[in-house]
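One-letter residues, chain by chain:
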Amino acid sequence: MEMAAPQVLMIVGALLFGIGVIGFLTRRNMIVMFLSTEIMFQGVLTNLVGMGLLRGDLNGQALGIFVLVIAAVEAGLGLAIVVMLYRRRGTLDADGWRTMRG
Amino acid sequence: MLALVPMIELLLPEIVLLTGATVILLTGVSKTLSRSATLLAMLAIFGALIATYRHNNQELLATAAASVEALNPGFFANYVRMIVLAVGLLIVFANRHVPEEGERAEFVALTLYSLAGVMLVALANNLILLFLALELVSVPTYILIGLSRRDIEAQEATAKYFFLGAFAAAITLYGFSFLYGATGHLRLFGADSISAWFIDGGSTALANDGMFLLGVLLSIGGLAFKLAAAPFHFYVADVYQGAAATVTGMLGFVPKFAGMVAAIHIVGLTQWNLSGPVFWGLWVLAAATMTVGNTLAFMQYNVKRMLAYSSVAHSGYMLMALLIGPGQDGSGSAMRNGLAAILFYMAVYGIANLGAFCTLAWFRKPGRDDAYQSAELLEDLSGTGRTHRWAALALALCVLALMGFPLTGGFLGKLYIFGSVFASIGDQPQHATALVVLVAIGALNAAVGAAYYLRIIASCYWDAPRDGRVAPTPCSALQAVWVVCGMLVPVLFFFPGTLARNAVSAAHDSQMKVAAGNAELVARADETAGAVDIEKPTARSATPLKSARASD
Amino acid sequence: METLRSTAIWIPLLPLIGSLLVGAIGLRWLKDRSHWLVIGGVALALVAVLSVVSTVVGEAGRAHNVDAVAANEGIELAHTSEHDSKLSESFTIYKWMNMGAGSWLDVSFRVDQLTSVMLLVVVPIGFLIVCYSVGYMRDHHGHPERGYERFFAFLGLFLFSMTVLVLAGNFLVLFVGWELVGLSSFLLIGFYYQKPEAAKAARKAFIVNRVGDFGFALGIWLIYLTFGTLDYQTVFDSVSLAMRFDGDNYAAIVPQLQGLLGTERVPDVTAASALVLQVQDRITWIALLLFCGAMGKSAQLPLHVWLPDAMEGPTPVSALIHAATMVTAGVYLVARCSVIFAASPVAMWFVGSIGAATALFAATIALTQYDMKRILAYSTLSQLGYMFLALGVGAFDSAVFHLYTHAFFKACLFLGAGSVMHAMDGVIDVTKFGGLKKDLPITYRTFLISSLALAGVPLLSAFWSKDEIIHAALAGNMPLLGWIGLLTALLTAFYTFRMVAMAFWGPKMLPAGVEHAHESGRWMTVPLMILAVGAVFAGYVGVHFKSGGFLGFLEPHGTFHHFLEPVFAGAKVVLAAAPIAHEGHALMYWSSAIAFLGITNAWYFYTKRPTIPGAIALASGPIYPLFKNKYYVDEIYDAIFVQPLRKLGRFFFGSDRYGINSLLFVIGNLPRVLGFGLRTGQQGAMQGYALGMILGLVALLWFVLQG
Amino acid sequence: MIENLVYIVYAVTALGAVALFVGLPRGDKPQRNGLLFICMALAAGVSYFMFDAMLGSVGGKVPLIVLSLLSIGGALRMVTHPQPVYSALYFIMVILATTAILVLCGAEFLGFALAMVYAGAILVTYVFVLMLSQQSTLHSDAFTQGFDYDREAREPFWAVAAGSLLAATVGAVIVERDWGGIETVAVEGGDNTVALGRILMTQYAISVELAAVLLMVAMIGAIAVARKHIPQAEDLTPRRPLGAAGREAKPY
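Please read all numbers here as calculations on a predicted model, not as lab measurements. Chains are numbered independently. Their residues run from 1 in the order of the written sequence. Chains and ligands are labelled sequentially in the order written, the chains with letters from A and the ligands with numbers from 1. The predicted origin of the model limits local features to residues at a pLDDT of at least 70 and limits the giving and counting of side-chain atom pairs to 80 or more, whereas totals for whole chains, interfaces and linings rest on all residues. By convention in this description, side-chain values take in all heavy atoms of the structure and omit both hydrogens and water.

What follows concerns the packing of aromatic side chains. Each aromatic ring pair is characterised by the separation of its centres together with the angle its planes make. Stacked, tilted and edge-to-face are the three classes applied to pairs of Phe, Tyr and Trp rings, where Trp contributes its six-membered ring and a pair requires centres within 6.5 Å; stacked means planes under 30 degrees apart, edge-to-face means over 60, and tilted covers the rest. This model, assessed by the stated rule, comprises 53 aromatic pairs over all chains. Between the aromatic rings of Phe171 of chain C and Phe236 of chain C, the centroid separation amounts to 6.4 Å while the plane-to-plane angle is 85°, which identifies the pairing as edge-to-face. Of this pair, Phe171 of chain C sits in helix H6 (residues 171-189) while Phe236 of chain C sits in helix H8 (residues 232-244), and the two are 65 residues apart along the sequence. Neither Phe171 of chain C nor Phe236 of chain C differs from the other in exposure class; each is buried. Grouped by ring-pair contacts, the aromatic residues Phe34 of chain A together with Tyr142, Tyr161, Phe162, Phe163, Phe225 and Tyr235 of chain B constitute a single cluster. Geometrically, a charge over a ring is one whose NZ (Lys) or CZ (Arg) sits within 6 Å of the ring centre while staying within 35 degrees of the ring normal. Lying over the aromatic face of Phe206 of chain C, Arg210 of chain C brings its terminal NZ or CZ to 4.5 Å of the ring centre. When the ring centre of Tyr370 of chain C is taken as reference, the NZ or CZ atom of Arg498 of chain C above it lies at 5.0 Å. Secondary structure elements follow DSSP: runs of H or I no shorter than four residues count as helices, runs of E no shorter than two count as strands, and numbering proceeds from the N terminus. Think of it in three bands: residues with accessible area under 20% of the maximum for their type are buried, residues over 50% are exposed, and the middle band is partly exposed, with areas taken using a 1.4 Å probe on protein chains only.

Right, here's the structure in full:
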């Protein structure tokens, strides 16, 4: 590969991250919100691989592995929490959880 | 190769703590065993404290640290460990009554995991470990909130904290990836590290390199979630309100300390050479955080929410000192060294905050189905000065400390923070006006803060007691915690010496870490240039920072 | 020194421990036995004081011997304060706060001769008064008053604060003690907080003291700015060095100057002179600002208004705090900083003038009052004026001597007044009763002895000290002050015996509702007797015995003064004043005559011809009402400060009600306005929060990356 | 080339933003599919041009570009699709496309791990939970009417503005950076998997251990949270009116 491929990966990463952010902000279904954060993590991952390509070492990919780990951790925990919330309210609507404010 | 023995040596306090936590998890299998969870936790914490104490031996550290690049041991880490363990002990005791019978083992173990996370944040010397440690701090707290109470508010708090936490974690991680991309290193300090890259690229690199800046800003942004700093503060009141009061006391300290330590690492990557845009970014962040926190707290009628927003304001004060960094001479006293001021402030704040929430938890509302529903509204506290005079006194002392009133440790904390900013006005003439304005904003905020803190004391002492509003929680551990906090608050005013001295040497140590990396770098540059000069390295090791700056 | 250090710490600590214990468990468990803890604490502190003082005396004697040996061997010592450098050292209790590279603000104590004298005043009298309070704070049936345990907790707190003030080794600790005595005074004046006058008096005392303390704090700040330290001895050494500087001794002094003035390089003569001039300028300001604090605490002329009102507190409090100990803190401060004051002629002149003016002014007011405690309060003002007069003319040792004798007889007088008040069921107006001589024998005798002492009758304590002050003033460069002193002495004798005559002599008269007067119990009379003995004999420590004619075998300037000599040696060097010759036996005759004149006049006017005072009052035209109404000072304050401010306020309020007022409203409510704005962001939805986070982050990124 | 790229990045994000804004579910309002389609096509075209320009004369660049477009398009559709199950499927598409990109760029181990962890494990769980939650349509409370929340986007304008601004800022920084002299280097150490394993087990050994602890904590947490006895459907109407927590009385 020549120099420019990393840039492509970074741009893809940035776009994925942005789309993830938008998804997190707009979709009210908690599962989809969660998928959106995973998309954000995808963006980080792509970015990291691009950076690693640029630097020519494996540090970026190493960090990428741990990004995967964190994603798995949060997914596991998040699903448990979503199940708990669903049991309480019977809905996956994130907007339902807004009794405390002000 | 893998240097196992020095690694264990360096990580001994964390290993002790994590082992303790895992053992406690195992006791969860039996009901009788799980009763001893608090005792075991205490043992683990004491074990970790002893191991930390062993670490004050510099030679041992130096030999071990040379072979483990991923860690950053020293006084800084030890100070963080000591404070976290000491406050952690109080947290474990304070939460003794919170978990339900079957959940005690998990609850205590998760608390210990979280404490270990903070210690690892201070130790981490690469971005991977730093990020994992930050996650280790926050993941248990998500669960603790959910476990602490059964009612709908606790679940709402869990949901908000978890989703927004994951969101902020992604932002932090994105920032880390840019730090890596811009510099090509994951290591924070030392040779072949991001901070060395910064020195190598010259101090102008910051202004020129948008990507490095992006990395720093996104990381700080993500960490601002843990700090509850300005644009990331929204969740604070809801989450604090939803959690059980003693868990809130923990939330006010543990993630915030972790975030602060991580922010010190991240901003430290710029060698505290904040001449450029990062200065303004942090300036805005600090000013906004103080103002937002105090004005929102001013509006509150619910004490938990008030203290929540006030914790935002405290982050603002600390960010103000973060702006100063270690000051010009990098040593001396907490009156000149912003980092030392932060470290001192954090300890005092942690104790006062925990004490305040513990007294709130002790004032239990009777007649609620939820056994651990603490007093929340100002009117719940009315007249407690007469009906529960010692608890009200402890609450008043802790609140006065948060206010920064003389005769409490909080006064010295604020004095150090403001003093360090004042001291640096002379050192940074190009930012003099900005710093003066910042101090003025801080002073105004402190005045607003005094107004709402006094409302808490006023309702304790000036309002008439109401029938059947509060009853003490039958938990002697909780009582012991607020007694200890209430006593520590004035003690820290009269005897701040040890703590302040340790804070100063910790700050100095973190500074030396940066400087050591620089010296190494310079030495290597000399080597490659073939310059064999015996005088130079000794001169540098004496004042490494200055020489590194001069070499730019 | 180590024993001194370890003992000295316990002097403030023991009363504090007693006080805290009483505060903690008094209400629930101790109840009417609360006094024991405080009495025990103060008694132990008294033992500690005695041990400390004996150590100091021994140390001072040793230093004196060394001095004598050195003199014999012809070794010249640079100046006197270096002889006993051990005593003038402060010892650090602990390091308090880090103030910059390597420098700490310490909590440090200093135990020297002056401290010993002050301790000997504060703690024994404090002990007696705590004992007296046990009897006083009960009704006739021995039931304690409401807030009994609170009273003793506050007394313990006061003794803690006062000993901290006295023992302080640097200005910071002094200031802490200063504020703490202010606080405990506030609490004790307002002890009967249900009474509106008491609450008002407490507030007044607090506010007036704030004015003085503000100046005091500024002075301390200026000291820190000028000398870079707050330690007593370092500051005093710096001042005396700066004052001795001239072009000739430049070479000798410059190494010391270097450290003092914080200059890194050795300055040349002109630069050093400029620096020294600057320091000398500042010394005057420092002295005046410090004196501000002294004026507030010791109730000197413009700031005196709080002290008479402070008599609303319980009588033991008036005796302890507002006569014997706390109000003398100002005198102690000036004596302690004698070097600083001596270095500034302006400050000395100011101190002396204020003192003399207060002495005369207060004595004239005392002539016309009818409330026993108020008469004594004005008398206290007047005597404090004497002390400042002495300080102003450079007779520092005489001022401390008078402080010491005054404490005994004034405490005794106040306690006697308290005893009368106790017997009269709270009535203290001398027009309402009289002829109590028979009914209250012990109170009468002790009161009479102390009155004689106050009036300056020969051979009693105040005779020696007052005489010394007047002598020093007459011999100094402001003889007018001496004449004022003499006049005041006459007035003092007169108003004292006016009070004695009206209360104890003449036909018996009791206020309505009091069947017959009871002498007070043992708790009260024993302290009275001890203090009366002190009033007689306390003066003899300052007297030098030698052979001669009548009164000639006694001469002022005795052991007491020799003991204190090292403390004021530095000031004497700076003042370059010759020691005042005490040969004026003639003055002793004169002052004795004046005392007797005043006493006989009072006796004649108020017991033999009771119509005369009224006639004089009528004949004197406007003068009597002037005295009676305390020179209208309160009214003048009201007219000058309060009323115009009120009018101005009304003016602004009237004219700019809708301009400035609404503006102020907006500013005052800015946090609330801002809060309402920000609160709309807190809508509770997590995605809304996330949106806010991202918008904030984007704004930050744009601000930093583009700006 | 470089200076124009910034504007191209801006254009791509702007077009993508419009497409997202139009494409987000709007409840019962009809979706403007025509506009959506035009924007998508334009965005895809411009991005193709952009990537092509970035890659310059690199051989075999078409698969990379196509995969990138696929992953971005999949992400867009995932975010906009009104039915969560389809969102999950589109998420799989993003994962697979990213995996392919990673493998293409030499990060084989990471790519396969990604596919396994996400497509294999996490997603199955998601779908499982989704199915579980969609089976019961009976629940409905004061805040939601049935499942309207999937068909109604929240704050579409501000969210799209914030997200696209973030992406545009970051993209601009990426494109504008002067990479001065740093060349793309082939990763040394031969086999990617072996090399990565070695670095993980030496340099980042502590992190691996910590990751294990973290996974255990998450597992324990998930169990504890799931086990927690929670009163079901205890009160579907809130105990206090909305916003009561902060406003029960005046702050004074």
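Every residue pair with non-hydrogen atoms within 4.5 Å of one another is taken to be in contact. Each partner contributes to the interface: chain D provides 109 residues, whereas chain A provides 78 residues. Whenever Lys or Arg places a side-chain nitrogen within 4 Å of a carboxyl oxygen from Asp or Glu, that contact is recorded as a salt bridge. At the surface where chain D touches chain A, the tally comes to one salt bridge. Among the salt bridges present, the one from Asp95 of chain A reaches Arg154 of chain D, with a minimum N-O distance of 2.9 Å. Note that Gly is not counted as nonpolar here; it falls among the polar residues with everything else outside the nonpolar set of Ala, Val, Leu, Ile, Met, Phe, Trp, Tyr, Cys and Pro and the charged set of Asp, Glu, Lys and Arg. Class assignment of the residues belonging to the side of chain D that touches chain A gives a composition of 74 nonpolar, 24 polar and 11 charged.

Further remarks concern the interface of chain C and chain A. Across the contact, 11 residues belong to chain C and 14 residues belong to chain A. Taken over both partners, the interface formed by chain C and chain A buries close to 1000 Å², and the fraction arising from carbon and sulfur atoms is 61%. Sorting the residues of chain C by area buried against chain A places Gln683, Met686 and Gln687 of chain C first, and these three jointly supply 51% of that buried surface. Connecting chain C to chain A are zero salt bridges. Identification of polar contacts relies on pairs of N or O atoms within 3.5 Å, with a donor-acceptor requirement for protein atoms, meaning one able to donate a hydrogen and the other able to accept it, and with residues adjacent in sequence counted only if both atoms are side-chain atoms. The interface formed by chain C and chain A contains two residue pairs in polar contact (both at pLDDT 80 or more). Reported buried area values correspond to the accessible surface (1.4 Å probe) lost by two parts on association, with both partners' losses combined.

The next point concerns the pattern of salt bridges. Following the criterion strictly, the structure yields 23 salt bridges over all chains and no others. Close ionic contact of Arg336 of chain C with Asp112 of chain C constitutes a salt bridge, the shortest N to O distance being 2.9 Å. Placement of the pair is Arg336 of chain C in helix H13 (residues 329-336) and Asp112 of chain C in the loop between strand E2 (104-109) and helix H4 (113-136), with a sequence separation of 224 residues. Each member of the pair, Arg336 of chain C as well as Asp112 of chain C, carries the same accessibility label: buried. Where salt bridges share partners, they join Arg28, Asp93, Asp95 and Arg98 of chain A together with Arg154 of chain D into one cluster.

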